[in-house]
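Structural overview
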2 protein chains.
Amino acid sequence: MFEAAEVGQKLSKKAYSEREPELRLALVNAQYDLQATRSPVIVLIAGDDRPGATGVLNQLHEWMDGRYTRTHAFGPPTEAERLRPLFWRYWNVLPRRGRVAFFLGSWALSPLAARLEGQMQAGGFDRWIERVTRFERALAADGAVFVKLWIHLPKHEHEKRLAKARKKQGDTWRVDEVDWRICDNYDALAPLAEELLQRTTTPEAPWQVVEASDARHRDVASAEHVLDGLEQAIALPARAAPGPPASAPAPTPSVLDRVDLSAALARDEYKPRLDKLQRSLFKLANRADEREVRTVLVFEGWDAAGKGGVIRRVTHALDARDYRVVPIAAPSAEQLQYHYLWRFWREIPRAGKMLIFDRSWYGRVLVERVEGLAAEAEWQRAYSEINAFEQELVEANTVLLKFWLHVDPDEQLRRFQERERTAYKKYKITDEDYRNRGQWDAYVAAVHEMVERTSTPDAPWHLVPANDKRFARVQVLETISDALKQATKKRR
Amino acid sequence: MFEAAEVGQKLSKKAYSEREPELRLALVNAQYDLQATRSPVIVLIAGDDRPGATGVLNQLHEWMDGRYTRTHAFGPPTEAERLRPLFWRYWNVLPRRGRVAFFLGSWALSPLAARLEGQMQAGGFDRWIERVTRFERALAADGAVFVKLWIHLPKHEHEKRLAKARKKQGDTWRVDEVDWRICDNYDALAPLAEELLQRTTTPEAPWQVVEASDARHRDVASAEHVLDGLEQAIALPARAAPGPPASAPAPTPSVLDRVDLSAALARDEYKPRLDKLQRSLFKLANRADEREVRTVLVFEGWDAAGKGGVIRRVTHALDARDYRVVPIAAPSAEQLQYHYLWRFWREIPRAGKMLIFDRSWYGRVLVERVEGLAAEAEWQRAYSEINAFEQELVEANTVLLKFWLHVDPDEQLRRFQERERTAYKKYKITDEDYRNRGQWDAYVAAVHEMVERTSTPDAPWHLVPANDKRFARVQVLETISDALKQATKKRR
């Protein structure tokens with residue numbers, strides 16, 4: 001892979017000065033056209049030639065319109081990043097649709113250093129490759145275009161540069177210890193780098209190796225690749241119009257039929273059990289904080305199934321500094337500028353803390369599927385994207401619990417009518433609730449497939465009988481307590 | 001102050017069950033009406049009764065519509081917060097207009113603990129009081145309403161609770177070591193707390209001391225105060241319509257007249273000086289990182305004065321992981337939901353890093369003043385709010401440098417015409433640029449007053465002759481280098 005980038009490509013001053021103004025104009029025009037599309041363009045700039053990568057970045061900054069680009073250079077992780085799943089730092093800074101972001105360093109490089117220093121076994125490397133390709137594929141499926149530049153210098157050029165740096169000659173004041181180590185370990189590093197590139201190059205996101213021995217060639221070639229990426233994004237077809245709502249009949253029996261809605265708890269049994277569970281949860285949450293075990297709770301369920309009430313019984317057992325509740329509704333105009341998982345990734349809390357989602361990313365395969373707000377191709381691929389997301393959480397030491405609160409249609413209607421009658425509950429009942437009721441069977445079908453395709457050993461679905469509110473609350477608190485006991489048992 | 005909250009206020013079960021539904025309805029209705037206003041409502045919940053404060057919070061969560069409230073409980077600062085000015089953590093989570101946020105703990109309490117443990121001298125306490133009152137006043141002037149609740153338990157009630165906790169009786173499993181310390185140090189703490197409340201209570205943001213011995217009274221009284229705050233916000237007059245643009249004549253001479261626009265640098269002198277300055281800046285930036293000295297650079301100036309080019313000469317000397325450039329334009333719809341300084345506060349980087357603002361908060365007193373986008377009352381108060389903001393930065397170990405790049409109208413026209421002629425520069429010239437030119441004198445007046453009112457010893461304005469681009473670049477780099485040398489000289 002690297003041999004093709006060691007052939008001595010050069011660009012004369014004359015050719016450069018002819019090409020430069022055309023390139024600048026094309027880049028700026030392409031940036032403008034990009035703004036009307038739904039594609040973010042992510043330019044990864046990596047390479048064994050770190051000063052060269054910075055040079056490319058600086059040149060792109062000069063040639064493009066900086067008002068519409070952002071640059072993120074990834075150094076050692078901050079505390080906030082260390083306390084979160086690895087890819088959180090990238091999700092946090094993804095560009096919005098129609099914009100360009102430059103990522104210097106980033107996920108491309110991290111496994112190399114680790115592998116070199118023997119810190120990452122081959123198995124870990126494989127897992128990394130898998131995560132990278134899934135991450136890029138999910139974004140590309142949503143319209144993102146990647147431009148992946150590997151800025152490459154042949155070994156003898158590295159040695160020449162370091163010789164100059166040793167004598168403090170020329171433009172070498174940027175050279176630092178990492179560059180020395182790259183040169184010293186070149187023979188071990190190059191094959192690892194090539195393997196990384198080969199295994200993470202994909203049709204939608206291929207690596208471009210740029211020969212960096214001649215700076216003019218390096219910069220123009222890089223810019224040409226960026227221009228290609230912009231043009232590719234501009235040429236992408238518009239998003240498929242979401243079709244009519246899915247109309248598959250509800251399977252019989254469905255997973256929901258197996259939920260025993262007669263389950264109930266007497267009041268005089270409920271109070272002491274709730275009290276005991278809340279005290280226990282308070283202690284377990286503190287233990288989770290000490291052991292740096294993160295907790296993410298997801299609550300889904302029928303309208304009026306009692307999600308709010310269950311959540312409050314959980315939070316009343318916790319210290320307000322250790323949890324947050326995030327209510328989820330239809331995505332805002334801002335949130336639609338990103339992949340649908342973006343807004344959930346950003347909420348992931350630090351290790352040791354708890355986050356409660358009141359509705360969640362499952363909206364993609366529930367309301368968006370049933371109401372036709374997402375095209376079938378979109379919600380169909382959501383199942384595996386969700387599983388990949390949840391796997392990242394669990395691998396990062398997260399207790400992830402997913403609850404579907406189940407009631408029957410009669411109980412739901414009873415509660416709707418009670419809300420109508422109670423003045424301060426009126427805001428909790430709208431036409432939409434009644435319309436959703438009309439889609440009961442479509443929702444059953446959606447929930448059935450959701451459980452079928454996203455209930456995994458590490459993150460199973462808990463279907464909670466919620467006709468009786470007391471039973472549901474105790475059941476949920478017990479499930480959380482058991483999971484936290486389990487997760488905080490092993491000493492770190 | 002506390003005696004009035006030790007009179008034994010109680011609420012019977014009957015009175016409570018009559019009042020509760022009315023209160024809930026009023027709160028929810030008020031939340032709805034609030035959404036149409038420009039007022040964020042910030043509810044601070046503090047007090048010597050920490051379990052009581054949590055109880056109030058939980059009850060408000062139940063009584064209000066949680067889709068439109070956010071809660072922030074402030075514990076020990078995270079690394080991100082420690083590496084930034086103290087108030088950054090609060091600016092970062094302010095609610096938007098029309099929404100409510102609960103702040104548990106927060107700026108009210110931090111000086112108490114420090115003072116108690118002798119860590120904060122009386123002078124530090126005075127400075128804290130000043131910052132708090134300025135912070136609240138700036139937000140209130142922008143339409144925010146504060147509800148400040150101090151949840152208070154008389155000493156004998158604290159002792160009673162701890163006695164129960166010792167015997168593990170009743171509802172005392174939340175009680176922790178901090179509560180013990182509060183009780184043990186009650187006699188020293190209470191006068192300090194009263195002093196804090198008296199000195200930070202203001203007409204626009206008064207403290208309400210809530211007697212907490214009876215939980216029903218505590219919760220209803222707190223909710224009544226929140227309701228009052230919501231109704232106060234709803235009753236606020238709409239924002240004054242921004243008037244016609246300011247039409248004061250340009251003072252003669254103005255500060256800009258003193259700038260020597262004939263200053264120039266020959267090319268053969270420029271290249272070696274620039275090179276030397278960039279190497280030096282690279283080292284100084286690393287030293288600043290080690291010494292945890294933050295750098296914030298602000299670039300303002302006439303259109304086409306060369307801000308972009310100067311900024312690139314600075315960034316070419318830096319490691320991409322240690323700086324960011326933030327281009328500032330008219331505030332977005334999202335940003336208008338907050339105080340105008342909010343978007344700048346959020347960008348403040350960690351200690352040791354550099355942030356470059358390409359245009360800045362000075363837009364308030366420049367374009368917004370000249371074009372009448374802000375009412376006169378708004379830009380008039382901006383000068384002191386800006387000074388207070390900059391003082392916070394400087395006190396948090398920031399090198400803050402403000403540059404106005406100055407050209408004369410003929411040079412500006414020459415550059416406009418050059419942009420028209422050069423294809424890839426055309427995007428950099430718009431009708432707006434020509435319209436701004438028509439307001440030259442109004443801008444001179446605005447710049448003159450800006451320099452007059454916001455050039456402080458800690459953060460002076462640097463007026464840079466920029467007719468000659470080379471001179472301007474070298475001048476700016478020298479100013480930055482000198483400032484960093486000075487700031488990193490003293491050992492921490």
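Scroll up for the structure.
Throughout what follows, the structure given in this document is the object of discussion.

What counts and what doesn't
Residues numbered from 1 in each chain as written. Chains lettered and ligands numbered in written order. Predicted model: local features only at pLDDT ≥ 70, side-chain atom pairs only at ≥ 80, totals over all residues. Heavy atoms only, no water. Helix = DSSP H or I, 4+ residues; strand = E, 2+ residues; numbered from the N terminus. Contact = heavy atoms within 4.5 Å. Areas by Shrake-Rupley, 256 points an atom, 1.4 Å probe, with all protein chains shown as cover. Lys, Arg positive; Asp, Glu negative; His and termini not counted. Charge placed at Lys NZ, Arg CZ, Asp CG, Glu CD. Core = buried A, V, L, I, M, F, W, Y, C linked by side-chain atoms within 4.5 Å. Buried < 20%, exposed > 50% of the residue type's maximum accessible area, 1.4 Å probe, protein only. Least-squares fit on C-alpha atoms with pLDDT ≥ 70 in both. Buried area = accessible area lost by both parts, 1.4 Å probe. Salt bridge = Lys/Arg side-chain N within 4 Å of Asp/Glu carboxyl O. Polar contact = N/O pair within 3.5 Å; in protein donor to acceptor, adjacent residues only side chain to side chain. Nonpolar A, V, L, I, M, F, W, Y, C, P; charged D, E, K, R; others polar. Pairing = 2+ DSSP bridges. Axes fitted to C-alpha atoms, helices over the stretch in contact; angles between N-to-C directions. Parallel < 35°, antiparallel > 145°, perpendicular 65-115°, else oblique. Left-handed = near helix turned anticlockwise from the far one by under 90°.

Comments concerning the overall build of chain A
- A tally of helices and strands in chain A yields 19 helices and 10 strands.
- Once the C-alpha set of chain A is aligned to its principal axes, its extents read approximately 85 × 50 × 40 Å.
- Long-range contacts, defined as pairs at least 24 residues apart, comprise 84% of the intrachain contacts of chain A with a sequence gap of at least 6.
- In the structure as shown, chain A presents an accessible area of about 21300 Å², 49% of it carried by carbon and sulfur atoms.
- Computed over 76 positive and 72 negative side-chain charges, the separation of the two mean positions in chain A equals 6 Å.

What about the nonpolar core?
- Counting 142 residues, the largest nonpolar core has A:Ile45, B:Trp107 and B:Trp361 as the members making the most contacts within it.
- Excluding residues that lie within four positions of it along the chain, B:Trp361 makes contacts with B:Val296, B:Val298, B:Tyr340, B:Leu341, B:Phe344, B:Ile386, B:Phe389 and B:Glu390.
- Counting 141 residues, the second-largest nonpolar core is a separate cluster that includes A:Ala317, A:Tyr323, A:Val444 and B:Trp63.

So, the relation of the copies chain B and chain A
- Turning chain B through 180° and shifting it by 0.0 Å along the axis lays it on chain A, with an RMSD of 0.0 Å. The superposition of one copy onto the other is thereby described by a two-fold rotation axis. Closest approach to the rotation axis among the C-alpha atoms of chain B is made by B:Glu79, whose C-alpha sits 3.1 Å away.
- When the interface residues of chain B are mapped onto chain A, 98% of them again lie at the interface, so the same face is used by both copies.

Quick look at the interface of chain B and chain A
- Across the contact, 44 residues belong to chain B and 43 residues belong to chain A.
- Summed over both partners, the interface of chain B with chain A comes to about 4000 Å²; 57% of that surface belongs to carbon and sulfur atoms.
- Three residues, B:Trp173, B:Tyr424 and B:Tyr427, lead the burial of chain B against chain A; their summed loss comes to 20% of the area buried on that side.
- Here B:Glu62 makes a salt bridge to A:Arg312, at a shortest N to O gap of 3.7 Å.
- In this structure, the connection of chain B to chain A is made through 5 residue pairs in polar contact (both at pLDDT 80 or more).
- A breakdown of the residues in the side of chain B that touches chain A according to their chemical character gives 20 nonpolar, 9 polar and 15 charged.

Topic: the pattern of salt bridges
Residue and element names in this part refer to chain A.
- On inspection of all chains with the given rule, the structure shows 83 salt bridges over all chains.
- The salt bridge partner of Lys155 is Asp187, with a shortest N-O separation of 2.9 Å. Of this pair, Lys155 sits in helix α7 (residues 155-166) while Asp187 sits in helix α9 (residues 186-200), and the two are 32 residues apart along the sequence.
- In this structure Lys155 comes out as partly exposed when scored by relative accessible area, which is 30%.

So, the sheet that holds strand β9 (residues 398-406) of chain B
All names here are of chain B.
- The strand order β7-β8-β6-β9-β10 describes an open sheet built from 5 strands, whose pairing is parallel. Where the open sheet ends on each side, the last strands, each with one partner, are β7 (323-327) and β10 (461-465). Averaged over all adjacent pairs, the angle separating strand axes in this sheet is 20°, with direction ignored.
- Of the pairings in the sheet, the one linking strand β6 (residues 294-301) to β9 comprises 8 bridges and is parallel in character. Among the inter-strand pairings, Leu297 is bridged to a residue of β9, identified as Leu401.
- Sheet contacts for helix α12 (residues 307-315): β6, β7, β8 (354-358) and β9; angle to β6, the most-contacted strand, approximately 160°.

So, the packing of helix α15 (residues 376-395) of chain B against helix α18 (residues 440-454) of chain B
Residue and element names in this part refer to chain B.
- Packing of α15 against α18 leaves a shortest axis separation of 10 Å and a crossing angle of 40°. Between α15 and α18, the angle is such that the two are oblique. Crossing of α15 against α18: the hand is right-handed. Counted together, Trp379, Gln380, Tyr383, Ile386, Asn387 and Glu390 of α15 and Glu449, Met450, Arg453 and Thr454 of α18 form the full contact between these two elements.
- Its residues assigned to classes, the contact of α15 with α18 comprises 4 nonpolar, 3 polar and 3 charged.

A word on the sheet that holds strand β3 (residues 100-104) of chain B
All names here are of chain B.
- An order of β2-β3-β1-β4-β5 is seen for the 5 strands of this open sheet, with the pairing classed as parallel. Two strands bound the open sheet, and with one partner strand each, they are β2 (69-73) and β5 (207-211). Within this sheet the neighbouring strands show an average axis-to-axis angle of 20°, counted without direction.
- Sheet topology note: the strand β1 (residues 41-47)/β3 ladder contains 5 bridges and is parallel. Bridging from a neighbouring strand, Val41 pairs with Val100 of β3.
- Docked against the sheet, helix α2 (residues 50-63) engages β1, β2, β3 and β4 (145-152), running at close to 165° with respect to β3.
- Taken strand by strand, helix α10 (residues 215-235) contacts β1, β3, β4 and β5, and its axis lies near 170° from that of β4.

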